[in-house]
Structures are given as structure tokens and as C-alpha cells.
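# Summary of the model geometry
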Amino acid sequence: MKNISILGSTGSIGRQTLEVVSRYPEKFRVVGLTAGENIGLLRDQILEYGPEVVSVKDEGLARALRSEVGDGRVEILYGTEGASAVASYETNNLVVSAIVGASGLVPTLSAVKAGKDVALANKESLVAAGELLTAEAERKGVRIIPVDSEHSAIFQALETNGAEFAKRLIITASGGPFLNTPAEELGGVTVETALNHPTWKMGDKITIDSATLMNKGFEVIEARWLFGFEAERISVWIHPQSIVHSMVEYIDGSLISQMSLPDMRIPIAYALSYPERMYMNGHRIEPENFRELSFRDVDTEKFPSISLAFGALREGGTMPAVMNGANEIAVRAFLVREIGFTDIVSIVEKVMSLHPNRPAESLEAVLESDAWAREKARTLIRNREN
């Protein structure tokens, strides 16, 4: 029996995690949940799964949730401190980190510091503070098991074939909804079309990141810290079918891949059950599912976010945190129609160019740079409007 807490239980990954957990009540017990503002869904999750502790965004939402579920049923906390308390809760032995954005960093780090294994879907934690997080995990003897389909694929390949013989990591990308859209037409992209991803159903923020390929850039940085590969040993290939989730090239010329139909419940289940596997009763795989498997290079002129990410990784320090913070503000501005689609990456690039980079030697340094980047991005957006 694994006692699990889910950070971000009302989001896409959180809901799918609970779906997997529901299939195996003899293997998993939910002891903690966190959510942002969706207290209606969180209330339903509390009633169904019976956690011991939960946390929401702020004190007002905590009061509202208490009135919904009644006193004494569950301990209700709020804010970053509340989420961190859920992450480090004493009866946890596995924390699913599925909060979207840099707000997941502090709770994820709290889980690691408390000696909890982490199933990581919050890539922003490793983007912003990969060196800090992985160093702390090593000190505590904690496993960070990737939930992203791409990193799960690499993790599985390295586990079974030996990381010492690996030459290169190849991260695949669907290319998003604008893979075949001419670059000159991207300026007119609407929010609705950007949210229409061809293969994956995700939350708004990550869907926009997938449309700009910023998400893939973040995955490059994440891979560096998860697997210890420098930028020169990481590549990104476009693979529109989203069947091959990533590959590892070995020194003998072999390519080892992990393949499946696009279904996030597969890597979620593997992260939860590792080192075992669980029967998922998925769709029967037929030859027609693999009729076409194609790959191509990324057009980095059309999708400059990939080059920005490699640049941030090579520069190191707080630059990746700045990249992430600026991107979160720019994506939010696009979703509320304050800026255009191509403005997202332009704003991120501008903020990065203005950043006086510094070593990411402490959590405070990372958080200060994140805050600086957000404010700088907001200023650039306001100035565009004037």
C-alpha cells in the first residue's frame, strides 16, 4: 500500500491520477490533496477519497470549503504553506507533483526535503531550480520519477538498458496545432485555435506552451536535471503521431524507444507503481495504430522557443527560472487576449536579454529571479498596450 498526496488534484494530471488510483484501491490510499480555486471538484474528491489533509489557494477558499464538507472531516489548509504541509505530510510515501507552473516548486521541494519520493509532472520545478531540487533529492535518497510521457519514456529506456552506455537523449514533440502553419500566419492565431491540440487533452497553460513549443524547451531543461545529460547530448525531433514518446541513442548505434497510444494514464500508472507495472485495460493496439511514424527536425526559426531553452540551459544560473516566469505571464496575457500569439516568445526573449544572470545557489535566488521576470514581463505587456 502506497500512501499518496496529489498536488494539483483538480487539474488534468491530478484527475487522471485519481482515475488510476481508483482502479487499485488495494495498492493506493489518498492521504492528501491540493487545489487552487476549484473547491467544488475538490469537495467531491474529498468525499470520494477521504484524504486526511487538503490545501487550497487562500484563506477565503479554505473557509468556503469547510462550509462545503463540514468540520472534522478533513484538515483544511491554504496557501503555499498549506500545499507544502500536504507535500511533507508524515504519512505520505509518494507525492504526485502536478501543480501547473512555478507555484509547484516550493511544495515539491518540501516533499523532497521531507524524504518523500516524488512522481513529477510539474516540470517548472526542475526548469527553475533543477540543480537545487536534484541535489536535495540525492542528499535525502529520494527518487524523482517522471510523469511526463517523454521523460517517462527516457526513464524506462535508461532503467532497462543502462545509462552508462547512452550517447544521446531524443525528445519527441508532436509539433502542436501549428506544425504546418506558415510562420507568417502565426501572428493571427486565435486563443481558440491555439488551444486545439491535435493529440493531447491538457490544461490551457500547457496547451499554449505546446503550441509555441515552449513546453518542449522546458522538457530539454528538465531532462538535463532528471538524467544528468548536458545540452549537447539532448535533441528534439518532431514526431506528429505522438506514438514514440522519446528515444535514447546508445553508443553502439541502437535507438531504444518507448511507444504507446497517446494516453497520460500510462506514464502516470508507471510512476505510481514503479518499479512494477499495472494492468491498465487500455485499447488493443493494432497495426493500423502504427501505419505511419514520421520524424523531422524542429524549425527553430518558426519556433524560437527551443533555441531559447537550449540557451538558458547552457547559460545556467537563474536564467531558466527567468525564462519560465516570463513565459507564465506572457501565456496568461495571451489567454486573456492582451497580446498576440507570437508576442509570447518575443516577450520571454526580451526579458531574458534584460536579466542580470546570477548563480541559482539558493531557493531565495531562484524565487527572486522568478519574481523579477514576472514583473519585467508585465511591464513589457503594459508598454505594448500604451
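### Let's talk about the side chain of His151
Along the chain, His151 turns up in helix α7 (residues 149–161). His151 gets classed as buried once you look at its relative accessible area, which sits at 0%. A distance of 3.4 Å separates polar atoms of two side chains, one belonging to His151 and the other to Glu222.

### Topic: the sheet that holds strand β2 (residues 28–34)
Strands sit in the order β4-β3-β2-β1-β5-β6-β7 across an open sheet of seven strands; the sheet is parallel. Only two strands of the sheet have a single neighbouring strand rather than two, namely β4 (75–78) and β7 (144–146). Within the sheet, the average angular offset between the axes of one strand and its neighbour, ignoring direction, is 25°. Against the sheet, helix α3 (residues 59–69) makes contact with β3 (53–56) and β4, and its axis sits at roughly 160° relative to β4, the strand it touches most.

### Remarks on the pairing of strand β1 (residues 2–7)
Most of β1 sits inside the fold, with five of its six residues counted as buried. As paired strands, β1 and β2 are joined by six bridges and run parallel to one another. Note that in β2 the partner of Ser5 across the bridge is Gly32. At this point the chain moves from β1, through helix α1 (residues 12–23), to the parallel β2, and the crossover so formed is right-handed. In the sheet, β1 pairs with strand β5 (residues 94–97) via four bridges, with the strands oriented parallel. Paired with Ile4 across the strands is Leu94, a residue of β5.

### Focus: the environment of Arg66
Relative to the elements of secondary structure, Arg66 occurs in helix α3. Exposure remark for Arg66: the relative accessible area of 31% places this residue in the partly exposed category. With residues near it in sequence (within four places) discarded, Arg66 still touches Asp71 and Ile76.

### Considering helix α4 (residues 79–87)
Listing the buried residues of α4 in full gives Gly82, Ala83, Ser84, Val86 and Ala87. Where α4 is buried, its residues touch β1, β2, β3, β4, β5 and α5 (105–113).

Calculation criteria
- Residues numbered from 1 in each chain as written.
- Predicted model: local features only at pLDDT ≥ 70, side-chain atom pairs only at ≥ 80, totals over all residues.
- Heavy atoms only, no water.
- Helix = DSSP H or I, 4+ residues; strand = E, 2+ residues; numbered from the N terminus.
- Buried < 20%, exposed > 50% of the residue type's maximum accessible area, 1.4 Å probe, protein only.
- Polar contact = N/O pair within 3.5 Å; in protein donor to acceptor, adjacent residues only side chain to side chain.
- Pairing = 2+ DSSP bridges.
- Axes fitted to C-alpha atoms, helices over the stretch in contact; angles between N-to-C directions.
- Contact = heavy atoms within 4.5 Å.
- Right-handed = clockwise from strand over helix to strand, strands pointing away.

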